[in-house]
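These are the residues of each chain, in order.
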Amino acid sequence: MGGNKYMGYRNKFLIGSVTVAIAASSISPALAAENKSAFADENQFGIYKDFILKAVELGLIKGANKNGNTYFYPNQQLTREHAVLILGRNLGEVDTTGVQQFKDVDQLPKDHELRENALKVRKNGIFSGWKDNLQYKAILTREEMAKILVQAFQLKHVEDSNIKVTDLNKAGKEYQEDITILAENGITVEKVFNPKAKVTRGQFITALIRAINSGDKKEGNFELTLMHTNDTHAHLDNIAKRITAIKEVRSQSKNTLLLDAGDVFSGTLYFNEYLGQADLEFMNLIGYDVMTFGNHEFDQGTKPLAEFVKNAKFPFVSANADFSKDVNLKDRYHNELATTANDGEIYNSIIKEINGEKVGIFGLTTAETKDISSPGDVEFKDYIEEAKKAVEQLESQGINKIIALTHIGFDDGGGDNDLTLAKEVEGIDVIVGGHSHTKLAEPVKDTTGSEPTIIVQANEYSNFLGTLDVEFDEKGKVIGYAGKLLDLNEKKDDQYVIKDDPEAAEILATKYKPAVDAKKELVVGKTNVELVGGNPAARTMETNLGDFIAEGILEKAKKINPDTMIAFHNGGNVRVSVDAGNITVAKILEILPFGNSLGILNLSGAEIKAALEHSVKDAPKPFGGFLQVAGLKFTYDSSKNAGEKVVSIEVKDKNGQFVPLDEKQNYYVATNIFTAKGGDGFTVFEKASSEGRLSEPGFVDWEIFKEYLDSQPNKTIEPKTDGRIIDIAKP
């Protein structure tokens, strides 16, 4: 070995400890550098892109010219010759006097670039050769790469590391320690190393950049990348893309956690058919670290949830949920902090060790669950008090990096939310949230306490993989962070940007999707009349289908909050009409394709009037925000100016009588979350939501429709309009 001589190579590329470290202040998997390259095959770079572009920026690689274009060929196997060129040409000037040349290299022409670089790497002990030959045409193996990088960068074991390489025994004995060191330093992140496999050019550059990064960390600081999902609600059609994204983030980050903030259950036919087990197979496949419970995990009682927990290859946390009296889950429940957590068990909080650093994670579940789901004997305690206890217990164990994994809503009006949690409980560094389906494109920073709290949430329905890169100082204080939502459904030139993971795609296509597709054709009811929807009908006037949808929403909301009196549903979300005859699940999904969930607003009569004015602002022209209604009837004059069209409004009281709307009285109004949060320009609803006057029980619109259909005699309907919306300008 060449001792510390090669450290000059690392220093050359660190240049003041900037540009290369994966941290909040530089390149991160969440916020990739906007580097440009002249490579013609950049679209093939995939998960190696950021590393290749960084290698270009640092002058590590040149590429190959072909027909006037430059190519990198990331998936081409790497020869020992190219490894020597990449390392050697960037060592700078090296005095190679007295260094003996490799025999096979010595046969090359005197001006061949490999000759000089082979001497450089031999002097520094990076390549020693075999029988005095470099064997430069041979393909580099992964175990050989490990030895080269460990020697080149003088890498050492990381103390207290719990990283294990599962196939280490398949490597040659002379390589096993090097492979372990590489894994401990985060230069390789796969548990299965495949030591005998050939190295591709993309893999080598990725490992090389990580090796450079390994020396660019401020002593005592800890960098952690969180990946998070919430409210996925059994949306599995893009699961293979989610798994690709997770693998890509892991490939770029040394220290990672993968968290789910609840509501995996309910929402699509995948749940109806498999009760969460389909979702769980993919969560186990990609290796989630921990999950908390959402309210919808209890929709079918606790028996399906118990099966989900039992089969999980990760633990669960919820500090305010008490399972001790539940017959199905009490044996898996531990009312304690777990320093070592077992898969398929429930704890208040756990400690995860990541490369020698300990991180505490506790969970919270909305107390609304008892009213909006079916938790049986599970009890829910005060979330603030239990959060304080959890933080205190973790801190008593010396933990100074604490994550709250919550399903209480970002700014939910149901009595608990993340904003309040951050302000009321000292000591939480990061809140990874769910329940309110909030799309936090950037993290929210709360500075109420002595140290900041970072809040993230990743919308809904597996639309995004949330990422957060966070840096802690040696005292556990957050000193840097950067977050981004990775769009799993993004397209470019009509092609998905994130490709399907082949294994996950195969499992979905063969094991789960066929039964779901068959279930879509299941007949679930019948209509004796045409159900009128679509554009322009549902966007310009009362329709019988709009009435039926709104009545179903109102009935569901009343089961949750009996004081709910009114329901609204945007006409733009009554997508099609339905001919008289059988109603299939597929047809319901055509009517309501967006999967919007239920919300209940607390509105004044004046706000309701303003909303109805907005609803008819374009009348008689079509408007997607035209509201279909239940529990209310109103008249308007489409010939008048916008904002002055509503003539009268009456509300059905608890006795079933219609009485004039009282603008000073407050009413509970059910609608979908899209509308409740200001969709279609309903700023009056958006304001109420932002003020905490929105409760989000979450049930999905198509399931509400089906449930209401199921409740009809013989599952047969014949709805008629009844004059609840009248335009008096029409003859």
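Values in this document were obtained by computation on a predicted structure and should not be read as measured data.

Caption draft 1: Fine view of the nonpolar core. Counting 81 residues, the largest nonpolar core has Phe282, Phe308, Phe316 and Phe323 as its most contacted members. Tallying contributions element by element places helix H17 (residues 544-560) first for this core, with eight residues. Non-local contacts of phenylalanine 323, meaning those with residues more than four positions away in its chain, are made with Phe293, Phe298, Leu329, Lys330, Tyr333, Ile346 and Val378.

Caption draft 2: Main features of the pattern of salt bridges. Evaluation of the coordinates by the stated rule reveals 40 salt bridges. We note a salt bridge from lysine 519 to glutamate 273, for which the minimum N-O separation is 3.3 Å. Of this pair, lysine 519 sits in helix H15 (residues 502-520) while glutamate 273 sits in helix H9 (residues 269-274), placing them 246 residues apart in sequence. According to the relative accessible area criterion, lysine 519 is partly exposed, its value standing at 23%. The salt bridge involving lysine 423 is made with aspartate 446; its shortest N-O contact spans 3.0 Å.

Caption draft 3: Main features of a negative patch on the surface. A contiguous patch of negative charge, built from Glu392, Glu395, Glu426 and Glu451, is present on the exposed surface. Summarising the element assignment, glutamate 451 is placed in the loop between strand S14 (444-446) and strand S15 (453-456). Judged by its relative accessible area of 30%, glutamate 451 falls in the partly exposed class.

Caption draft 4: Structural context of the packing of aromatic side chains. Counted by the stated rule, this structure contains 23 aromatic pairs. Look at phenylalanine 39 and phenylalanine 72: their rings are 5.9 Å apart centre to centre, the planes differ by 65°, and that puts the pair in the edge-to-face class. Of this pair, phenylalanine 39 sits in the loop between helix H1 (7-14) and helix H2 (49-57) while phenylalanine 72 sits in the loop between strand S2 (69-71) and helix H3 (80-88); the two residues are 33 residues apart in sequence, bridging distant segments of the chain. One exposure class covers both phenylalanine 39 and phenylalanine 72, and it is buried. For the ring pair phenylalanine 293 and phenylalanine 298, a centre distance of 6.2 Å and an interplane angle of 55° mean the geometry is tilted. These aromatic residues form a ring-pair network of at least three members: Phe265, Phe271, Tyr288, Phe293, Phe298, Phe308, Phe314, Phe316, Phe323, Tyr333 and Phe380. Sitting above the plane of the tyrosine 496 ring, lysine 241 keeps its charged end 4.1 Å from the centroid. The ring of phenylalanine 623 carries the charged tip of lysine 617 above its face, separated from the ring centre by 4.4 Å.

Caption draft 5: Quick look at H2. Taken together, the buried positions of H2 are occupied by Asp50, Phe51, Ile52, Leu53, Lys54 and Ala55. Those residues of H2 that are buried lie in contact with helix H7 (201-213) and helix H8 (239-252). Just downstream of H2, glycine 59 is the residue with a positive phi angle, here 80°.

Reading guide: rules and limits
- Residues numbered from 1 in each chain as written.
- Predicted model: local features only at pLDDT ≥ 70, side-chain atom pairs only at ≥ 80, totals over all residues.
- Heavy atoms only, no water.
- Core = buried A, V, L, I, M, F, W, Y, C linked by side-chain atoms within 4.5 Å.
- Buried < 20%, exposed > 50% of the residue type's maximum accessible area, 1.4 Å probe, protein only.
- Helix = DSSP H or I, 4+ residues; strand = E, 2+ residues; numbered from the N terminus.
- Contact = heavy atoms within 4.5 Å.
- Salt bridge = Lys/Arg side-chain N within 4 Å of Asp/Glu carboxyl O.
- Patch = residues over 30% accessible without salt bridge, like charges linked within 9 Å, V, L, I, M, F, W, Y side chains within 5 Å.
- Areas by Shrake-Rupley, 256 points an atom, 1.4 Å probe, with all protein chains shown as cover.
- Lys, Arg positive; Asp, Glu negative; His and termini not counted.
- Charge placed at Lys NZ, Arg CZ, Asp CG, Glu CD.
- Phe/Tyr/Trp six-rings, centres within 6.5 Å; stacked < 30°, edge-to-face > 60°.
- Lys NZ or Arg CZ within 6 Å of the ring centre and 35° of its normal.

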